[in-house]
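# Summary of structural features
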Amino acid sequence: MDEEFQVLIVDDEPNIRSGLERGLEKEATHIETAGTVNEALDKFDAGDFQLVIADIRLPGDRDGLELISLVQQRKPGTTAIVITAHGTVETAVDAMRRGAFDFITKPVDLNLIRQQIAKAREHHRLQSENRELRDRLAEAGEVSGIVGNCRALQDVLTQIRQVADTDATVLIRGESGTGKELIARAVHDLSNRAGGRFIAVNLGALPETLLESELFGHEQGSFTGASRQKPGCFEQANGGTLFLDEITEIPSKSQVDLLRVLETGHFVRVGGEEVLESDARILSATNRDIQQMVDDGEFREDLFYRLNIVPIEVPPLRQRREDIPLLVDHFLEHFCIRHHRPAKTIHDAAMTQLVGSCWPGNVRQLRNVIERLVVTVGDDTIETRHLPSDLQGSSTSGPSQEATLAEVTEAAEKSAIQSALSANDFHRERTAKSLGVSVRTLHYKMNRYGLH
């Protein structure tokens, strides 16, 4: 038994505790027992348990189901098996909702317990491997399809890694097309909730009459057309992540309802009376100046503060031009495969034009342009003449104040590249490494500035 696998057995009957401990000693590297919820929590907090086996009926005012909930709060992903002499369908469903791996009735069959422990060990192993893989991808900058090496994007990735394994609410701000949902998915994928569902809802696309039903669900017959009971986004995302896109489009009444759920975790379906609970982690996003909306009285200040626990600013594409060659290569490969086209390359002059374009639609616009080129260009090499007309004359150079600032920035960049080339005897790999960019990015910039 190479991998560490510790088990905590919780039952108020000493003979059952000792019997399970003896019977399962070959299935675990270490076993502890407890007779109450408080004793179990003390031992759980002091140890590193991968599995908790708990009876439902325990002495005191807290039972085994509440213990499972508390264990999941302290260490999400811990495997739990519930045993009871009074099994019902409702109890089993409740146990599963709280995060139980399995539900077993007494008298306990040791062979069945061993089988379930074997499954739990395998489940734990897969979880560990997935977590290690996510960590390696995150260290390499390969987070949920996010492509780029620029400092601004690396700062965003650092924030994602810092916040992912918490339950803090995150407000993602950035212009349209910058990839805010991609950032939200990255937070989910790198979190302990990655095994749960990621539910995204665009609040700006929903009419006010349907918004409450979409978020909280509805009961059959609660309104015209409600032919069946429907769970809302908070129910669907329970144990996972709920992403509220375009959060600033939510009307005033719904802002009040949303704030109540965020503060209590409780809600009621439209037309229902039962108070339901959701453990969904909340991420939200907006492309508007939400602080100004608060100042103008268009968005509730208390809701803003509740959503804005951790703010993440996504930079526009014009602030990460050095990433454009990487993004172009990524989209070229992706769409050639998707549309069954032979691999294509892009001419240096065309790449220079793409890097220098304004991109008001940000990464989404670039993605759409590359897909169009893959589909419509029959040649193996995409040249400047193939680019859409609105890009062929959209270089950042020009007489405007924004262009003047761009010219100043580019002049500084050109000077920095010249100095690095001289310091590294025009050795491109060493120069690229010293500048913190890829060799290909350096090559395009040298072509753009005529540095040969």
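Everything below is about the structure printed above this text.
Before going into details, it helps to say that this report is about the structure given with it. Predicted model only: the values in this text are computed from it and were never measured.

## Topic: the pairing of strand β2 (residues 30–34)
Note: strand β1 (residues 6–10) against β2, five bridges, orientation parallel. Pairing of Val7 across the sheet is with Ile31, part of β2. Considered for its hand, the β-α-β crossover made up of β1, helix α1 (residues 14–23) and β2 is right-handed.

## A closer look at α1
Along an α-helix, a turn takes 3.6 residues, which lines up residues three or four apart on a common side. Of all the residues in α1, the buried ones are Ile16, Arg17, Leu20 and Gly23. In an axial view of α1, the angular spread of the buried residues amounts to 145 degrees, which keeps them on one side of the axis. Projecting away from the buried face of α1 at angles above 90 degrees are the exposed residues Pro14, Asn15 and Arg22.

## Observations concerning the pattern of salt bridges
The final tally for this structure, using the stated rule, is 23 salt bridges. The salt bridge partner of Lys75 is Asp48, with a shortest N-O separation of 2.8 Å. Highlighted residues: Lys75 in the loop between α3 (64–74) and β4 (79–84) and Asp48 in the loop between α2 (37–46) and β3 (51–55), separated in sequence by 27 residues. For Arg193, the salt bridge is made with Asp279, and the minimal N-O distance between the two is 3.2 Å. Of this pair, Arg193 sits in the loop between α7 (180–189) and β7 (198–202) while Asp279 sits in the loop between β12 (275–277) and β13 (281–286); the two residues are 86 residues apart in sequence, bridging distant segments of the chain. Sharing partners across several salt bridges, the network here consists of Glu212, Lys253, Asp257 and Arg260.

About the cut-offs
Residues numbered from 1 in each chain as written. Predicted model: local features only at pLDDT ≥ 70, side-chain atom pairs only at ≥ 80, totals over all residues. Heavy atoms only, no water. Pairing = 2+ DSSP bridges. Helix = DSSP H or I, 4+ residues; strand = E, 2+ residues; numbered from the N terminus. Right-handed = clockwise from strand over helix to strand, strands pointing away. Buried < 20%, exposed > 50% of the residue type's maximum accessible area, 1.4 Å probe, protein only. Arc of directions from axis to C-beta. Salt bridge = Lys/Arg side-chain N within 4 Å of Asp/Glu carboxyl O.

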